[in-house]
Amino acid sequence: MIFSILAFVALIVSICIKERKKSLIIQSINCLFESLYDFIIYAYTGAILSVINFIRTFLFINKEKFNKAIYLLILLIFESIIIINCILTWSGYISLLPTIGSIIRTYCLWQSNMKLVRISGITTGILYGSYYIYYNSWFMVLGDFILLLTGFYALWKNDIRRKNKNEIICN
């Protein structure tokens, strides 16, 4: 249970941070905690995805160290690994939820746009929340629901409201 609490707190904090690099550092910590928790509850697709997501996020933190072609290749490799993991850890259609969530999140984190990071918090909340319902992991469901709400709020506060204020000022 402690790993689920730590994972939840790290993920919520990560989407509230405005700077991409700091957000990704916190998200990588979340991945570690979530993988430990998933192994404990025998949610192997999610556990292995969390380990993959930790490595992915660590590489994305260091985006500036890669040229564009290599950085694109890294995205394609991780998206492929996520799909292969789904096939290897297949537990029925339930395995698609974290897989789709990780595919979306990987693409969003690969970008430099924090708006996409916040949007991926929303998709993660929906897809992983549904996954944890299946595993009767109600604390993680609650955490993903709060992530969903926080993601909507952060998106509204940092992207939608700000855009609307800029339109009013410019007109």
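Going along each chain's sequence as written, the residues are numbered from 1 onward. In view of the model being predicted, local features appear only for residues whose pLDDT reaches at least 70, and side-chain atom pairs are presented and counted only at 80 or more, with totals across whole chains, interfaces and linings using the full set of residues. The side-chain values count all of the structure's non-hydrogen atoms but skip hydrogen atoms and water molecules.

K.L.:
Explanation requested: the packing of helix α5 (residues 96-110) against helix α6 (residues 114-134) in the structure shown.
P.N.:
For any two helices packed against each other, one specifies the inter-axial angle together with the distance between the axes. Interaxial distance between α5 and α6 falls to 9 Å at its minimum, and their mutual angle equals 170°. What the angle tells us is that α5 and α6 run roughly antiparallel. Here Leu 97, Pro 98, Ile 100, Gly 101, Ser 102, Ile 104, Arg 105, Cys 108 and Leu 109 of α5 lie close against α6, whose contacting residues are Leu 116, Val 117, Ser 120, Gly 121, Thr 123, Thr 124, Leu 127, Tyr 128, Ser 130 and Tyr 131. Axes here refer to lines fitted to C-alpha atoms; in helices the fit is confined to the stretch in contact. Angles between the N-to-C directions go from 0 to 180 degrees. Numbering of helices and strands runs from the N terminus; a helix is a DSSP stretch of H or I covering at least four residues, while a strand is a stretch of E covering at least two. When describing relative orientation, an angle under 35 degrees is termed roughly parallel and one over 145 degrees roughly antiparallel, while 65 to 115 degrees is termed roughly perpendicular and anything else oblique. In what follows, a contact means two residues having at least one pair of non-hydrogen atoms within 4.5 Å.

K.L.:
How should I be thinking about unusual backbone geometry in this particular structure?
P.N.:
One can expect most non-glycine residues to show negative phi and most peptide bonds to be in trans. The phi angle at Tyr 42 is positive, at roughly 65°, despite the residue not being glycine. Mapped onto the elements of the fold, Tyr 42 is located in the loop between α2 (20-40) and α3 (44-61). Burial classification: accessible surface area is computed with a 1.4 Å probe over protein chains only, and a residue below 20% of its type maximum counts as buried, one above 50% as exposed, and the rest as partly exposed. In this structure Tyr 42 comes out as exposed when scored by relative accessible area, which is 57%. One non-glycine residue, Asn 136, lies in positive phi territory at about 55°. Residue position: Asn 136 is located in the loop between α6 and α7 (138-170). Using a relative accessible area of 52% as the deciding quantity, one classes Asn 136 as exposed.

K.L.:
I tried to follow the packing of aromatic side chains on my own but got confused; where do I start?
P.N.:
Where two aromatic rings form a pair, the distance of their centres and the angle of their planes describe that pair. Ring pairs shown here join Phe, Tyr and Trp side chains whose ring centres sit within 6.5 Å, with only the six-membered ring taken for Trp; geometry is labelled stacked below 30 degrees between planes, edge-to-face above 60, and tilted in between. Across all of its chains, the model carries 16 aromatic pairs by this definition. On the basis of an interplanar angle of 15° and a centroid distance of 5.5 Å, the ring pair of Tyr 71 and Trp 110 is categorised as stacked. Taken as a pair, Tyr 71 in helix α4 (residues 68-88) and Trp 110 in helix α5 lie far apart in primary sequence, 39 residues in all. We classify Tyr 71 as buried; its relative accessible area is 5%. What makes Trp 110 buried here is its relative accessible area of 15%. An aromatic cluster is built from Tyr 37, Tyr 128, Tyr 131, Tyr 132, Tyr 134 and Tyr 135, whose rings are joined through pairwise contacts.

K.L.:
Is there a simple way to explain the side chain of Ser 23 in this structure?
P.N.:
Considering the arrangement of structural elements, one finds Ser 23 in helix α2. Setting aside anything within four residues of it in sequence, one finds Ser 23 in contact with Ser 14, Ile 17, Met 114 and Val 117.

K.L.:
Help me out: how do you make sense of the nonpolar core in this one?
P.N.:
A general feature of soluble globular proteins is that nonpolar side chains tend to end up buried together. Among the nonpolar cores identified, the biggest contains 22 residues, and Leu 24, Phe 60, Leu 109, Trp 110, Tyr 131 and Tyr 132 are the most heavily contacted of them. When contributions to this core are tallied by element, the ones reaching two or more residues are α2, α3, α4, α5, α6 and α7. Not counting chain neighbours up to four residues away, the residues in contact with Trp 110 comprise Arg 20, Phe 60, Lys 63, Tyr 71, Leu 72 and Leu 75. Among the buried residues, those of types Ala, Val, Leu, Ile, Met, Phe, Trp, Tyr and Cys that are joined through side-chain atoms within 4.5 Å form a nonpolar core. Judged by nonpolar contacts, the second largest core, of five residues, contains Leu 11, Ile 12, Ile 15 and Leu 147.

K.L.:
Help me understand the environment of Trp 110 in this model?
P.N.:
For the pair formed by Trp 110 and Phe 60, sequence separation is 50 residues and the distance between their alpha carbons is 6.1 Å. For this analysis, a polar contact is any N or O atom pair within 3.5 Å, provided that within protein one partner can donate a hydrogen and the other can accept it, and provided that sequence-adjacent residues contribute only side-chain to side-chain pairs. A polar side-chain atom of Trp 110 sits 2.9 Å from the main-chain carbonyl oxygen of Tyr 71.

Geometric descriptors of this kind do not, in isolation, establish any biological role.
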